[in-house]
Amino acid sequence: MTLVTMMTAHYQDILNDNFWLPFTPNKDFRNDPKLFVRAEGDYYYDPDGRAILDGVSGLFASALGHGRKELAEAVHRQMLTLDFTASFYRGHPGAFAAAKALSALLPPGLDRIFFVGSGSEAVDTALKIALAYHRAKGRGGRNIFVSRERAYHGVNFGGVSLSGLPNNRRNFDGVGPRVVHMRHTWLAENRYSRGQPGHGDFLADDLLRLITLHGAENIAACVVEPIAGSTGVLVPPVGYLERLRQICDRHDILLIMDEVICGFGRTGRAFASQSFNIRPDIITLAKAITNGALPMGAVAVSRDIHDSIINAGGEREIEFFHGYTWSAHPVACAAALATLAIYQEENVFAAAGALSGHFLQRLFALQGQPLVTDIRGYGLLGGIDLAPAANAGQRGYEVQKKLFDAGLHLKSTGDALIIAPILVTGLERIDRLFEILTRVLSTIKP
Ligand SMILES: Cc1ncc(COP(=O)(O)O)c(C=O)c1O
């Protein structure tokens, strides 16, 4: 009997052919649908009422867990006060308050905030800001961006051009901004490094090689995730980000850090740039900015960049021809304000840092499982490489399905599993996560 024929009535009521799922094998989903109908705390619930532990904070977003009443109330209040205004020519109190609250968490000086609707929009906005900045400085020829193999920066055309993931760029190549790529930072000799690998800072010199090849006078910015998340959690080698920073400084190249996954406590500090003690010129944010409750992203920009662009504009002239209908959406701002308040009041980032030791200890205990070929982790973010099956990506996909059936929701990319527990989770739920994972991995033959 197939799953379709086994499907209970409430599944039949929910499913149709109209909804096209993103980043999903749709045909397989129709045969074997995985649905969530409710969420609370660390758990999702399927239509049968079965609890499924959320091991990836929704998708790196629900840092405070699901169903937080404070957020629901803030959103409800805002909808009855000012449900919507666009921010073109008009402001509203929530936008200023959210920008201020966010600035208080950011590294000093990175406190000019451009709101957007998602991580992809944040990345594309950051690229445009970099171009506008160089133009304002009289360096309009700088329009090449440097990215990295295995990078994920969203799916808009800027992000796709930056992308270092073959499947995400292959079908859409050749139409975006000009991007050149450094090597990724995975090295075989660093396998099973807990935290930052000790070896590999030399990989930052790829930026120097690209400068030699293309000319610093043509390069606008270098864009990196502090920890490359979606590709399977590549933690930067000790000294690598520092070296990138030095090279950027020497050549007037902006350093953009994409903290869409790392931001808001994932690394034990508010932002990974603080954990790694690096000063980016621009930070892109999204996901946990509203605890995933509403779509929102932000670009945090240094005062120098912001002021250069604003001062280059004439009186009564728009200085930066960019923005979205949903930029600083009042309801998203209310959700962000309520989320940021909880981060502060509950000291969430420090609590995440304190849980990291136990998390990493359980994560690295998977070394030796026959299916596991590498493990990486930092803060509350972990990546596990699995031995591939006949086709690349097949193993990762099958394992995440088996995990779902066993009561654990994780992300897979290719043959890597990615773990990002809710930051306010407890030791016992971390233990439960790894119990399910260990049990499922041990039932699969390499
Ligand atoms: C580092 C990074 N940048 C950008 C994005 C894109 O964000 P969104 O899916 O909200 O557009 C993601 C999404 O996972 C991400 O991990």
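Residues numbered from 1 in each chain as written. Predicted model: local features only at pLDDT ≥ 70, side-chain atom pairs only at ≥ 80, totals over all residues.

## Some details on the overall build of the protein
- Across its full length, the protein holds 17 helices and 15 strands.
- For 446 residues, the compact-globule formula gives about 22 Å, and the C-alpha radius of gyration of the protein, at 22 Å, lands near that figure.
- The principal-axis extent of the C-alpha atoms belonging to the protein is close to 70 × 55 × 40 Å.
- Residues counted as buried form 50% of the 446 residues belonging to the protein.
- Sequence-distant contacts in the protein: of pairs separated by 6 or more residues, those separated by 24 or more amount to 72%. (Helix = DSSP H or I, 4+ residues; strand = E, 2+ residues; numbered from the N terminus. Rg over C-alpha atoms; globule rule 2.2 N^0.38 Å. Buried ≥ 20, exposed ≤ 12 C-beta atoms within 10 Å, placed from the backbone. Contact = placed C-beta atoms within 7 Å.)

## Topic: the nonpolar core
- Grouped together as the largest cluster of nonpolar side chains are 133 residues, with contacts concentrated most on Ala130, Ile282, Ala298 and Ala300.
- For this core, the element with the most residues is helix 14 (residues 330-345), which contributes 10 residues.
- Here this core spans two domains, and each of domain 1 (3-67 + 347-442) and domain 2 (70-345) adds at least three residues to it.
- Apart from the residues lying within four places of it in its own chain, the contact partners of Ala298 are Leu102, Ile113, Phe114, Phe115, Val116, Ala122, Leu285 and Ile289. (Core = buried A, V, L, I, M, F, W, Y, C linked by C-beta atoms within 7 Å. Domains from an automatic or database assignment.)

## Observations concerning the pairing of strand 15 (residues 416-419)
- Where burial is concerned, the two faces of strand 15 agree: the one with Ala416 and Ile418 and the one with Leu417 and Ile419 are both buried.
- The pairing of strand 14 (residues 411-413) with strand 15 spans 3 bridges and is antiparallel. Bridge pairing in strand 15 links Thr413 to Ala416.
- From the end of strand 14 to the start of strand 15, which pair antiparallel, there are 2 residues, and Gly414 there has a positive phi angle of about 55°. (Pairing = 2+ DSSP bridges.)

## Concerning the site of the ligand
- Around the ligand there are 14 residues in total, and Ser118, Gly119, Ser120, Gly154 and Val260 lie nearest to it.
- For the shell around the ligand, the leading source of residues is helix 7 (residues 119-136), giving 3 residues. (Near = placed C-beta within 6 Å.)

## Here's the deal with the domain arrangement of the protein
- According to the domain assignment, the protein contains domain 1 (3-67 + 347-442) and domain 2 (70-345).
- For domain 1 and domain 2, the distance between their C-alpha centroids amounts to 26 Å.
- Domain 1 puts 30 residues into the contact, and the matching count from domain 2 is 29 residues.
- For the side of domain 1 that touches domain 2, the leading source of residues is helix 15 (residues 348-364), giving 7 residues.
- Considered class by class, the residues forming the side of domain 1 that touches domain 2 number 17 nonpolar, 10 polar and 3 charged. (Nonpolar A, V, L, I, M, F, W, Y, C, P; charged D, E, K, R; others polar.)

## A few points about the sheet that holds strand 14
- Spatially, the 4 strands line up as an open sheet ordered 11-12-15-14, and their pairing is antiparallel. What marks the edges here is a single partner per strand, and that holds for strand 11 (372-378) and strand 14. Neighbouring strand axes in the sheet, compared pairwise and without regard to direction, differ in orientation by 20° on average.
- Strands in contact with helix 15 are strand 11, strand 12 (381-386) and strand 15; relative to strand 11, the strand with the most contacts, it is inclined by about 175°.
- In this fold helix 16 (residues 394-405) packs onto strand 12, strand 14 and strand 15, with an angle of close to 170° to the strand it touches most, strand 14. (Axes fitted to C-alpha atoms, helices over the stretch in contact; angles between N-to-C directions.)

## With respect to helix 7
- For helix 7, which comprises 18 residues, the first-to-last C-alpha distance of 25 Å matches the rise-based estimate of 26 Å (1.5 Å per residue) to within 8%.
- Within two residues after helix 7, Gly138 carries a phi angle of roughly 80°, on the positive side. (Expected span 1.5 Å × (residues − 1).)

## Some points on the packing of helix 15 against helix 17 (residues 427-442)
- Where helix 15 meets helix 17, the axes come as close as 10 Å, and the angle between the chain directions of the two elements is 15°. Judged by the angle between their axes, helix 15 and helix 17 are roughly parallel. The two elements helix 15 and helix 17 meet at a crossing, and its hand is right-handed. Together, Leu355, His358, Phe359 and Arg362 of helix 15 and Leu427, Ile430, Asp431 and Phe434 of helix 17 make up the contact between the two elements.
- Across the contact of helix 15 with helix 17, the residue classes break down as 5 nonpolar, 1 polar and 2 charged. (Parallel < 35°, antiparallel > 145°, perpendicular 65-115°, else oblique. Left-handed = near helix turned anticlockwise from the far one by under 90°.)

## Quick look at the sheet that holds strand 7 (residues 219-224)
- Spatial ordering of the open sheet is given by 4-10-9-8-7-5-6, a layout of 7 strands whose pairing is mixed. Where the open sheet ends on each side, the last strands, each with one partner, are strand 4 (112-116) and strand 6 (178-182). Mean inter-strand twist for the sheet, computed between neighbouring axes without regard to direction, equals 20°.
- Two elements, strand 7 and strand 8 (residues 254-258), share 4 bridges in a ladder whose sense is parallel. Counted as the bridge partner of Val224 is Met257 from strand 8.
- Together, strand 5 (144-148), strand 6 and strand 7 form the strand contacts of helix 10 (residues 205-214), whose direction differs from that of strand 6 by roughly 140°.

## Brief notes about the packing of helix 7 against helix 13 (residues 303-312)
- Remark: helix 7 packs on helix 13, axes separated minimally by 9 Å, with the N-to-C direction vectors making an angle of 65°. Viewed along their axes, helix 7 and helix 13 form a crossing whose handedness is left-handed. Residue-level inspection shows Ile129, Ala132, Tyr133 and Ala136 of helix 7 in contact with helix 13, the latter providing Ile305, Ser308, Ile309 and Ala312.
- For the contact of helix 7 with helix 13, a count of residues per class yields 7 nonpolar, 1 polar and no charged.

## Some words on the pairing of strand 10 (residues 297-301)
- Within strand 10, 5 of the 5 residues are buried, which leaves it mostly tucked inside the rest of the structure.
- Alternating residues of strand 10 divide into Gly297, Val299 and Val301 and Ala298 and Ala300, and every residue in both groups is buried.
- With 5 bridges connecting them, strand 4 and strand 10 associate as antiparallel partners. By the bridge assignment for strand 10, Arg112 is matched with Val301.

## Quick word on unusual backbone geometry
- For Asn277, which is not glycine, the phi torsion reads 55° and is therefore positive.
- Tracing the backbone shows Asn277 in the loop between helix 12 (272-275) and strand 9 (282-285).
- By the C-beta count within 10 Å, which is 11 here, Asn277 ends up exposed.
- One non-glycine residue, Asn291, lies in the positive phi region at around 60°.
- Mapped onto the elements of the fold, Asn291 is located in the loop between strand 9 and strand 10.

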